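# Understanding the architecture of this molecule
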Amino acid sequence: MEEMLMKQTDEIMVSTEEEAAALIQSFKDKAGSEGYEIANYSSTHKEKKSKGEVIDEYYIVKITKKWC
């Protein structure tokens, strides 16, 4: 039996909310031409803290691609 990829989840870190939205849109735009559909996507704001102070902020974009 031949092995075939059915679903893949990517998690990508970006700096801003605008970059997160642009990344999600780029995956949506490429979906048809690359043969997958977007099953699910989300972006989550994260903060790194040290001694109660925010020292770094970023967004995690999670995209699940599905092949039929």
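These figures come from a predicted structure and were not determined experimentally.

The rules behind these values
- Residues numbered from 1 in each chain as written.
- Predicted model: local features only at pLDDT ≥ 70, side-chain atom pairs only at ≥ 80, totals over all residues.
- Heavy atoms only, no water.
- Helix = DSSP H or I, 4+ residues; strand = E, 2+ residues; numbered from the N terminus.
- Rg over C-alpha atoms; globule rule 2.2 N^0.38 Å.
- Buried < 20%, exposed > 50% of the residue type's maximum accessible area, 1.4 Å probe, protein only.
- Contact = heavy atoms within 4.5 Å.
- Expected span 1.5 Å × (residues − 1).
- Arc of directions from axis to C-beta.
- Pairing = 2+ DSSP bridges.
- Axes fitted to C-alpha atoms, helices over the stretch in contact; angles between N-to-C directions.
- Phe/Tyr/Trp six-rings, centres within 6.5 Å; stacked < 30°, edge-to-face > 60°.
- Lys NZ or Arg CZ within 6 Å of the ring centre and 35° of its normal.

If you tally the helices and strands in the protein chain, you get 1 helix and 3 strands. When the helices and strands of the protein chain are placed in sequence order, the string is β-α-β-β. Taking 68 residues into account, the globule formula puts the C-alpha radius of gyration at 11 Å, and the protein chain, at 15 Å, lies well above it. Over its C-alpha atoms, taken along the principal directions, the protein chain stretches across nearly 55 × 25 × 15 Å. The buried share among the 68 residues of the protein chain stands at 22%. Long-range contacts, defined as pairs at least 24 residues apart, comprise 59% of the intrachain contacts of the protein chain with a sequence gap of at least 6.

In a regular helix each residue adds 1.5 Å, so 18 residues correspond to 26 Å; helix α1 (residues 17–34) covers 25 Å between its end C-alpha atoms and thus fits that length. Among the residues making up α1, those that are buried are A20, L23, I24, F27 and A31. Each buried residue of α1 lies within a common arc of 95° when the element is viewed along its axis, so the set occupies one face. Exposed side chains of α1 directed beyond 90 degrees from the buried face belong to E18, D29, G32 and S33. Against the buried residues of α1 lie β1 (7–14), β2 (37–50) and β3 (53–66). Positive backbone phi, approximately 85°, marks G35, located one or two places after α1.

Okay, the sheet that holds β1 next. Strand order in the open sheet made by the 3 strands is β1-β3-β2, with antiparallel pairing throughout. Looking at strand neighbours, the two that pair on one side only are β1 and β2, the edges of this open sheet. In this sheet, adjacent strand axes meet at a mean angle of 20° when their direction is disregarded. As paired strands, β1 and β3 are joined by 8 bridges and run antiparallel to one another. Bridging across to β3, I12 finds its partner in V61.

Taken as a whole and assessed by the stated rule, the structure comprises 1 aromatic pair. Stacked on the ring of F27, the Lys or Arg K30 has its end atom at 4.9 Å from the ring centre. The ring of Y36 has K65 sitting right over it, with the charged end atom 5.1 Å from the ring centre.

Another point: the environment of E2. Here E2 shows up in the segment before β1. Under the relative-accessibility criterion, E2 is labelled exposed at 72%. Along the primary structure E2 and I12 are separated by 10 residues, whereas in three dimensions their C-alpha atoms are 30 Å apart.

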